[in-house]
Amino acid sequence: MKDNQLDKALRFLNEALRLNPNDCTVLCHIAKVLFCQRNYEHAKELLQKCCRDDPLKDEGWSLLGKIYSEEGKIPEAYECYKTALHLNANNVQNYVNLGELYESNDQYEDSLNLYRSILKRFPEDLALRRKYQFIVSKLEREEANGRKLSAGEFTELKHANTMICLLYTSPSPRDRQKSRMPSSA
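Bear in mind the structure is a predicted one, so any value in this text is a computation, not a measurement.

Colleague: Talk me through helix α8 (residues 126–145); I want residue IDs and the actual numbers.
Modeller: For α8, spanning 20 residues, the distance from its first C-alpha to its last is 28 Å, which sits close to the expected 28 Å at 1.5 Å a residue. For α8, the complete set of buried residues consists of Leu128, Lys131, Tyr132, Phe134, Ile135, Val136, Lys138, Leu139 and Glu142. For α8, the side-chain oxygen to backbone nitrogen distance between the N-cap and Ala127 is 3.2 Å, and the N-cap itself is Asp125. Immediately beyond the C-terminal end of α8, within one or two residues, lies Gly146, with a positive phi of roughly 70°.

Structure follows, in structure tokens:
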């Protein structure tokens, strides 16, 4: 997202927050924008307030974990991700965040085990399957080479496994009715 779009989103969100200063959903959205702008300190302050005021909101914990991870505060990130998972075990992103934390700390077996177990619950999740395959590829390549991959090799492998996702929005019922194919009789 371009900076001017982020600034515009931030203006609208701050206006919403002015109308309802304790709305944790708005705080989380503002924190996402600040995270994209790499303004981690301000985002962290908002998320800590959100987690204090609405401790059952998994999104706040998950985003706070991302910030701690970016700051290299791994134990704090881990605790936030575990809290988010405890609050909402049906949010696949909470598992992905924890798996990525494992990956960033070379805990590939832990990441692989996490993805393997969650794929049993969400086998249709393509992004999750892709992450699992990426870890398997990395470990297979390391085993074949008899050594850990260098940072450059790892980045090359990561980019080779990047998948472009397209957003598909379902047409409204009225539009679906218009675009129906005639029945073949």
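Colleague: Outline the environment of Glu79, listing residues and values.
Modeller: Along the chain, Glu79 turns up in helix α5 (residues 74–87). The exposure class assigned to Glu79 is partly exposed, which follows from its relative accessible area of 48%. For the pair Glu79 and Tyr68, spaced 11 residues apart in the sequence, the C-alpha separation amounts to 10.0 Å.

Colleague: Which residues make up the layout of surface pockets, and what values do they have?
Modeller: For the largest pocket, the calculated volume is near 450 Å³. Lining the largest pocket are 20 residues, with Lys66, Val96, Glu100, Leu101 and Lys131 positioned closest to its centre. Contributions of two or more residues to the lining of the largest pocket are made by α4 (58–70), α5, α6 (92–104), α8 and α9 (151–160). Top element by residues in the lining of the largest pocket is α6. It accounts for 8 residues.

Colleague: Go over the state of the cysteines, please, and point to the residues and values.
Modeller: Counting across every chain of the model gives 0 disulfides. With no disulfide partner, Cys50 has as its closest neighbouring cysteine sulfur the one in Cys24, 3.3 Å distant. Given the relative accessible area of 0%, Cys50 is considered buried.

Colleague: Outline the nonpolar core, supporting the account with residue identities and numerical values.
Modeller: Core analysis: the biggest nonpolar cluster contains 47 residues, and Ile30, Leu47, Leu98, Leu128 and Ile135 have the highest contact counts within it. Those elements that provide at least two residues to this core are α1 (3–19), α2 (24–36), α3 (40–53), α4, α5, α6, α7 (108–121) and α8. With 8 residues, the single largest contributor to this core is α2. Non-local contacts of Leu128, meaning those with residues more than four positions away in its chain, are made with Val92, Val96, Tyr115, Ile118, Leu119 and Phe122.

About the criteria used
Residues numbered from 1 in each chain as written. Predicted model: local features only at pLDDT ≥ 70, side-chain atom pairs only at ≥ 80, totals over all residues. Heavy atoms only, no water. Helix = DSSP H or I, 4+ residues; strand = E, 2+ residues; numbered from the N terminus. Expected span 1.5 Å × (residues − 1). Buried < 20%, exposed > 50% of the residue type's maximum accessible area, 1.4 Å probe, protein only. Polar contact = N/O pair within 3.5 Å; in protein donor to acceptor, adjacent residues only side chain to side chain. 1 Å grid on protein atoms, 1.4 Å probe; cavity = no way out; pocket = protein on both sides within 12 Å on 5 of 7 lines; lining within 4 Å. Points joined across faces, edges and corners; volume = space filled by probe spheres on them. Disulfide = S-S within 2.5 Å. Core = buried A, V, L, I, M, F, W, Y, C linked by side-chain atoms within 4.5 Å. Contact = heavy atoms within 4.5 Å.

The values are spatial; any link to function lies outside them.
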